[in-house]
Amino acid sequence: AQSVTQLDSQVPVFEEAPVELRCNYSSSVSVYLFWYVQYPNQGLQLLLKYLSGSTLVKGINGFEAEFNKSQTSFHLRKPSVHISDTAEYFCAGYQGGSEKLVFGKGTKLTVNP
Amino acid sequence: EAGVAQSPRYKIIEKRQSVAFWCNPISGHATLYWYQQILGQGPKLLIQFQNNGVVDDSQLPKDRFSAERLKGVDSTLKIQPAKLEDSAVYLCASSFQGAGVYRNEQFFGPGTRLTVL
């Protein structure tokens, strides 16, 4: 069973619209959760992380995510997207009891003018 | 601060040939990771080093893949012989604190895109 599930493979949205990228994790994943962004032909860059404490986590570039233990979700949101946010976004978490970071399959966000 | 460096950025080889990738982590980072990212999927951990020792290589296809991290700094990942299904982006990452600390942020290099024909 997949440990981290990203429910949408592609999300098209218009510029300045809000966006939510969905991520669910299974019980095999610890509650240390991350969102990474990958621009074309580049490596991954950390957007934000949840380790403990407040369930609303703010990251770079105006992104935020909310950890919801009852729904086992860690959805990423931005109230108003820019063309430059076009990229692939990956949700990840540490596999329980290990140092292994497991990734979802990614969501390709396309922001159209 | 310089980021994680990888070379080459692109490589095209024929099946059954050999190939090697190089990674130089961020200075002072003890932990180094190699990931394989197949098109349309998230990165998958191949091997994790703590200094020059292997922490996890459970997903490394050891019949054809090998990796080393001499002197606990640079690392090389080799494939010999390559198969068509090895076509992927190979990402190197490093982190500051050692294995056992979940809060490490992993810093990724730009990757090497391998095409096997």
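Residues numbered from 1 in each chain as written. Chains lettered and ligands numbered in written order. Predicted model: local features only at pLDDT ≥ 70, side-chain atom pairs only at ≥ 80, totals over all residues. Heavy atoms only, no water.

## Some words on the overall build of chain A
Turning to step 1, where the next piece is worked out: Each helix and strand counted, chain A has zero helices and twelve strands in total.
Turning to step 2, where the next piece is worked out: Of the regular secondary structure in chain A, the N- to C-terminal order runs β-β-β-β-β-β-β-β-β-β-β-β.
Turning to step 3, where the next piece is worked out: For 113 residues, the compact-globule formula gives about 13 Å, and the C-alpha radius of gyration of chain A, at 13 Å, lands near that figure.
Turning to step 4, where the next piece is worked out: With the C-alpha coordinates of chain A rotated into their principal frame, the extents come out at 45 × 30 × 20 Å.
Turning to step 5, where the next piece is worked out: Looking at chain A as a whole, 49% of its 113 residues are labelled buried.
Turning to step 6, where the next piece is worked out: A separation of at least 24 residues holds for 55% of the contacts in chain A among residues at least 6 apart in sequence.
Turning to step 7, where the next piece is worked out: As presented, chain A carries roughly 5,300 Å² of accessible surface, and 50% of it is formed by carbon and sulfur atoms.
Turning to step 8, where the next piece is worked out: Side-chain charges in chain A split into 9 positive and 9 negative, and the spacing between the mean points of these groups amounts to 8 Å. (Helix = DSSP H or I, 4+ residues; strand = E, 2+ residues; numbered from the N terminus. Rg over C-alpha atoms; globule rule 2.2 N^0.38 Å. Buried < 20%, exposed > 50% of the residue type's maximum accessible area, 1.4 Å probe, protein only. Contact = heavy atoms within 4.5 Å. Areas by Shrake-Rupley, 256 points an atom, 1.4 Å probe, with all protein chains shown as cover. Lys, Arg positive; Asp, Glu negative; His and termini not counted. Charge placed at Lys NZ, Arg CZ, Asp CG, Glu CD.)

## Regarding the pairing of strand 6 (residues 44–50) of chain A
All names here are of chain A.
Turning to step 1, where the next piece is worked out: Burial within strand 6 is extensive, with five of its seven residues counted as buried.
Turning to step 2, where the next piece is worked out: Pairing geometry for strand 5 (residues 29–38) and strand 6, over six bridges, is antiparallel. Bridge assignment links Phe34 to a residue of strand 6, and that residue is Lys49.
Turning to step 3, where the next piece is worked out: In sequence, strand 5 turns back onto strand 6 through a hairpin of five residues, with Asn41 there showing a positive phi of about 60°. (Pairing = 2+ DSSP bridges.)

## Quick look at the sheet that holds strand 7 (residues 65–68) of chain B
Residues and elements named next belong to chain B.
Turning to step 1, where the next piece is worked out: The strand order across the open sheet formed by four strands is 1-3-8-7, and the pairing between neighbours is antiparallel. Of all the strands in the sheet, the pair left with one neighbour each is strand 1 (5–7) and strand 7. For this sheet, the mean angle separating the axes of adjacent strands, direction not counted, is 15°. (Axes fitted to C-alpha atoms, helices over the stretch in contact; angles between N-to-C directions.)

## Thoughts on the interface of chain B and chain A
Turning to step 1, where the next piece is worked out: Contact with chain B, which involves 26 residues of that partner, is made by 22 residues of chain A.
Turning to step 2, where the next piece is worked out: Summing both partners gives a buried area of about 2,000 Å² for chain B against chain A, and 51% of it is carried by carbon and sulfur.
Turning to step 3, where the next piece is worked out: Connecting chain B to chain A are one salt bridge.
Turning to step 4, where the next piece is worked out: For B:Asp56, the salt bridge is made with A:Lys100, and the minimal N-O distance between the two is 3.6 Å.
Turning to step 5, where the next piece is worked out: Taken together, the links from chain B to chain A amount to three residue pairs in polar contact (both at pLDDT 80 or more).
Turning to step 6, where the next piece is worked out: Among the residues forming the side of chain B that touches chain A, the class breakdown is ten nonpolar, eleven polar and five charged. (Buried area = accessible area lost by both parts, 1.4 Å probe. Salt bridge = Lys/Arg side-chain N within 4 Å of Asp/Glu carboxyl O. Polar contact = N/O pair within 3.5 Å; in protein donor to acceptor, adjacent residues only side chain to side chain. Nonpolar A, V, L, I, M, F, W, Y, C, P; charged D, E, K, R; others polar.)

On their own, these measurements won't tell you what the molecule is for.
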